[in-house]
Amino acid sequence: MSKRPAPRPARMLAVSSLAHFMNDGVVFFIPVIGDLLSQDHRVSTAVITAMLTIFYLTSAGFGIVVGMLADRIGRRGTMIATGIATLGVSLVGFYGSLVLRGVGSDILVLVASAVAGIGSSTYHPLGGSILQRGFSPSARGRALGVNGAFGSLGRALYPALFFVIAALGISRPATTLVFAGLSLLSAAIITVGLPAESSETKARRQNAAATAGSAGETAEAPTTRLAPHSDSPVQPPSLRSLLNRSVVSLTTIAFFRSIAFIGIVSWIPIYLTTQRHAGLSTGLGLTVTAMYAGGIIGQPIFGLLADRFDKRVVLAIDSLGSALGIFWFLTTTGTDVDAVLALAVFGLFTFSGFPLLLSLVADYVPRGSFATGNALVWGIGSTGGQALGPLAASVLTAGSHANLGMAFAILGALAAATVLATPLLKRVPGSARMAMFG
């Protein structure tokens, strides 16, 4: 008897996890590029702030368009692959900004930031919707958690690998090109691994259309009843109809959490270099890696908790844990063991929002609008907050790196304050255990 191929959900999880790894690796490598530009090229704080703001703002703006388009035409795999390839192209632009000097470098880094923002807008709404559609509600959080762990692995490895590769004798700008090539190669793998629509799905659509035709109905009506792993087009509800109280509240929570989290994360490399004297070395890369590595453990844990307990309570714990982690870090000095451990705890909570937020999205929007719902909460909420986070931190510093510690403390308090909005989220069936907010 011939061996049957692996189940489609397993393949989706594996290939989408590769996409998450590549996407987040590049996205969270960009603040390190900002540090390189700041230290090697003496690029001003204003240009670095503009670079980060343009990147996150572009990602947020394109995210909602990508989500709505995917819910209408499908082709999520192709769109994800295109996004990863675009990120690779952006790294070529950053390479140019590291090679050039003066105004030309400033202009190119801003253009590369916009291109990177477009590329990064695709994965989270589309990758999340693939898993939301492919796994049952009781297993959704775990699937998102495992997938998110690979994103955290990418974040953790990229900063350290950059300095390791550079230490082998390859220049820092040329090392950026190495990662650009990896992105383009991964995009090709994702295109093959996540086809726009399987032959099985096409057959199911044809059968549904034939059945509808014999019953005197339109062929389009049954398309909303396709199997959970279908990637075919649907007719989703209007964007306005998705804006219920829970979606708006969750988007708002995600927005302010991201202002706090990314405001801290974006400036951590520069803070470590200027205030903790870590230097542009493997040591800096390893310290930043420790922060990102926390999510490798945290995402599966919080995904499992999301399947078993009231997601709203788990989200509140996540926000408080992140705030406590950064407060702990600020009590340490240098880059000693305590500082690295505090950053790891901060990262464990900070980078575990993916399974929590997208599990909640699936509770609050119709199945045919998962990608759009994800784009609202993750794109407008999380990524929109990311756009303002670096700017908020910069304003709080009043132009002086010496004030970064104070800025981190204020942003940590903002992250903790988002817990106050958690009771506005509606409790759904299945989250009765450990219910706190009614």
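Residues numbered from 1 in each chain as written. Predicted model: local features only at pLDDT ≥ 70, side-chain atom pairs only at ≥ 80, totals over all residues. Heavy atoms only, no water.

Quick notes on the overall build of the chain
- Scanning the chain from terminus to terminus reveals 16 helices and zero strands.
- Residues classed as buried in the chain amount to 57% of the 438 residues present.
- By sequence separation, contacts in the chain at least 24 residues apart represent 84% of the contacts at least 6 residues apart. (Helix = DSSP H or I, 4+ residues; strand = E, 2+ residues; numbered from the N terminus. Buried < 20%, exposed > 50% of the residue type's maximum accessible area, 1.4 Å probe, protein only. Contact = heavy atoms within 4.5 Å.)

A closer look at the confidence of the model for the chain
- Here the chain averages 79 in pLDDT, while 82% of its residues score no lower than 70.
- pLDDT under 50 marks residues 197–234. Its contacts with residues more than four places away, or in other chains, come to 53 contacts.
- When the criterion is pLDDT under 50, residues 431–438 qualifies, and its contacts beyond four places in sequence or with other chains add up to 23 contacts. (pLDDT = per-residue confidence, 0-100.)

Examining the packing of aromatic side chains
- Scanning all chains against the criterion turns up five aromatic pairs.
- When the centroid spacing of 5.1 Å and the interplanar angle of 85 degrees are considered together, the rings of Phe 255 and Phe 256 count as edge-to-face.
- What makes Phe 256 partly exposed here is its relative accessible area of 34%.
- When the centroid spacing of 5.2 Å and the interplanar angle of 65 degrees are considered together, the rings of Tyr 271 and Phe 408 count as edge-to-face. Separated by 137 residues along the polypeptide, Tyr 271 in helix H10 (residues 245–274) and Phe 408 in helix H16 (residues 404–417) bring together distant segments of the chain. (Phe/Tyr/Trp six-rings, centres within 6.5 Å; stacked < 30°, edge-to-face > 60°.)

Side note on a nonpolar patch on the surface
- A cluster of nonpolar residues, Val 103, Ile 107 and Val 111, forms a patch on the protein surface that exposes about 280 Å² of accessible area.
- Along the chain, Val 111 falls in helix H5 (residues 103–120).
- With a relative accessible area of 45%, Val 111 lands in the partly exposed category. (Patch = residues over 30% accessible without salt bridge, like charges linked within 9 Å, V, L, I, M, F, W, Y side chains within 5 Å. Areas by Shrake-Rupley, 256 points an atom, 1.4 Å probe, with all protein chains shown as cover. Salt bridge = Lys/Arg side-chain N within 4 Å of Asp/Glu carboxyl O.)

Thoughts on the side chain of Thr 350
- The residue Thr 350 is located in helix H13 (residues 337–350) in this model.
- The buried category is assigned to Thr 350, whose relative accessible area is 7%.
- For Thr 350, the side chain forms a polar contact with the main-chain oxygen of Phe 346, separated by 2.7 Å.
- Residue contacts for Thr 350: discarding those within four places in its chain leaves Phe 261 and Ser 322. (Polar contact = N/O pair within 3.5 Å; in protein donor to acceptor, adjacent residues only side chain to side chain.)

Some words on the environment of Ala 180
- Considering the arrangement of structural elements, one finds Ala 180 in helix H8 (residues 172–193).
- Residues Ala 180 and Ile 84, 96 residues apart in the sequence, show an inter-C-alpha distance of 9.7 Å.

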